[in-house]
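Coordinate inspection notes
If you want the building blocks of each chain, they are given just below.
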Amino acid sequence: MQLEDHFGVLLRDTVNLSQFRLDTLDDRVAKIYSALRSDTELGPRVLGMSKQGSWAHRTIISPVGANEFDADFMLYIEDDSEWSAQDYLTSVKSALLRSPVYGKMTLTRKNRCVRVVYANSCHIDIVPAIRRGDAEYVANYEEDQWERTDPEGFTRWMKEKDDITGGNLRRVIRLLKFLRDHRGSFTGTRSVILTTLVGEQVNAYSKFGDPGYYKNVPTTLLHIVNDLDEYLWANPSKPVVMDPSNSGASFDHRWTQETYAYFRERIHAHSAEIRAAYESLTKEDSVTRWQSLFGEGFAAPTASESSMPFGNPESTPASTSLSGRAG
């Protein structure tokens, strides 16, 4: 059984990052950006910023236990031929160290970003970037080189795919990230790879052939995971995962053959488990099967929620969300 209302409860109460934490993230990023813009040395070079990754794609999930969640933003800085790629990362960290607020916090220069750590809450990665013509590049510290990127193109691709599913793609990605992070399945597969592979399974032809192919979250989950399983099973060797924005970059260097094989086997198992839960003829058996995948958070809405319009699956055919979160 589909039990769409149970998925709404699971997403709202267990999987989604709360609106309060999303608002807190917005506020913290705005303050970091303001501090960088105000810095006397770096500030005049700062040209703008934009969200990227799961924050931009609206696929951030609640972290496991007391772990931190993370978010990234691009910091566009003036292109200076006298600066190396390393100089950009070093300059961002130096500007933060000069700040009376961030200079007291834990700051880490990573290979492609500078990380600001909010203990027991979240960390925010600042990714220095430059524009040359129509192309964008991020700094790679270890190689002291620029890497082509197109985060806005990735976000557009994500929106196009999500629109085909009526908004259910983002929810399915959150559910799969929940299986990875909270249920210990396919550990080692980075979010960018998971998002790309899952998004690539979505196409308008499937919806043209079956208008209900992505009609709600459980149906979208069933079809996407089944389609992903077929793709993976036809590829025993790790495939090349290209950036769907057509930047020319690939993501599969973040994977090993061993990690890929494990992911492939787990998706194959989950595909069978999801189909069994979806096609179960009794509610009790279906709930048991869904809970074996997603845990006790997969539950019926309360009586008051069930009486509300947004608690009725028939009134929200493409949403399966009981929260106010957009997406």
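Our structure is the block above this text.
Computed from a predicted structure; not experimentally measured.

Below, the discussion takes up the pairing of strand 6 (residues 135–140). Within strand 6, five of the six residues are buried, leaving the element largely enclosed by the surrounding structure. The antiparallel hairpin formed by strand 5 (residues 122–132) and strand 6 contains two residues in its connecting segment, where Gly 133 sits at a positive phi of about 65°. Note: strand 6 against strand 7 (residues 145–149), five bridges, orientation antiparallel. Across the sheet, the residue bridging to Ala 139 is Trp 146, located in strand 7.

Moving on, we get to the nonpolar core. In terms of nonpolar packing, the biggest core is built from 45 residues, with Phe 7, Leu 175, Leu 176, Leu 221, Phe 263, Trp 290 and Phe 294 touching the most fellow members. Those elements giving two or more residues to this core turn out to be helix 1 (4–15), helix 5 (151–164), helix 6 (168–182), helix 7 (191–200), helix 9 (217–233), helix 10 (257–279) and helix 11 (283–294). In contact with Leu 175, not counting residues within four places along its chain, are Phe 7, Leu 10, Leu 11, Val 15, Val 217, Leu 221 and Phe 294. In this structure, Leu 17, Ala 85, Tyr 102 and Ile 124 belong to the second largest nonpolar core, which totals 32 residues.

Here we take up the pairing of strand 5. Along a regular strand, successive side chains alternate from one face of the sheet to the other. Of all eleven residues in strand 5, nine are buried, a share of seventy percent or more. When strand 2 (residues 69–77) meets strand 5, the two strands line up parallel, connected through eight bridges. The residue of strand 5 that forms the bridge with Asp 70 is His 123. Looking at chain direction, strand 4 (residues 114–118) and strand 5 are connected through five bridges and run antiparallel. Bridging from a neighbouring strand, Val 114 pairs with Ile 126 of strand 5. If you look at the hairpin formed by strand 4 and strand 5, you'll find three residues sitting between the two strands, and Asn 120 has a positive phi there, around 60°. Where strand 5 meets strand 6, four bridges bridge the pair, whose relative direction is antiparallel. Residue pairing for strand 6: Arg 131 is matched across the bridge by Glu 136.

Reading the values: the criteria
- Every chain is numbered on its own, with residues counted from 1 as its sequence reads.
- Predicted model: local features are reported for residues with pLDDT of at least 70 only, side-chain atom pairs are reported and counted for 80 or more only, and whole-chain, interface and lining totals are derived from all residues.
- Hydrogens are left out, water is left out, and the side-chain values use all remaining heavy atoms of the structure.
- When accessible area is computed with a 1.4 Å probe and restricted to protein chains, residues below 20% of their type maximum are described as buried, those above 50% as exposed, and intermediate ones as partly exposed.
- Numbering of helices and strands starts at the N terminus; helices are DSSP runs of H or I of at least 4 residues and strands are runs of E of at least 2.
- Strands qualify as paired when DSSP identifies two bridges or more between them.
- Within this scheme, the nonpolar core is defined by two criteria: the residues are buried Ala, Val, Leu, Ile, Met, Phe, Trp, Tyr or Cys, and they are joined through side-chain atoms within 4.5 Å.
- Contacts: residue pairs with any heavy atoms within 4.5 Å of one another.

The values are spatial; any link to function lies outside them.
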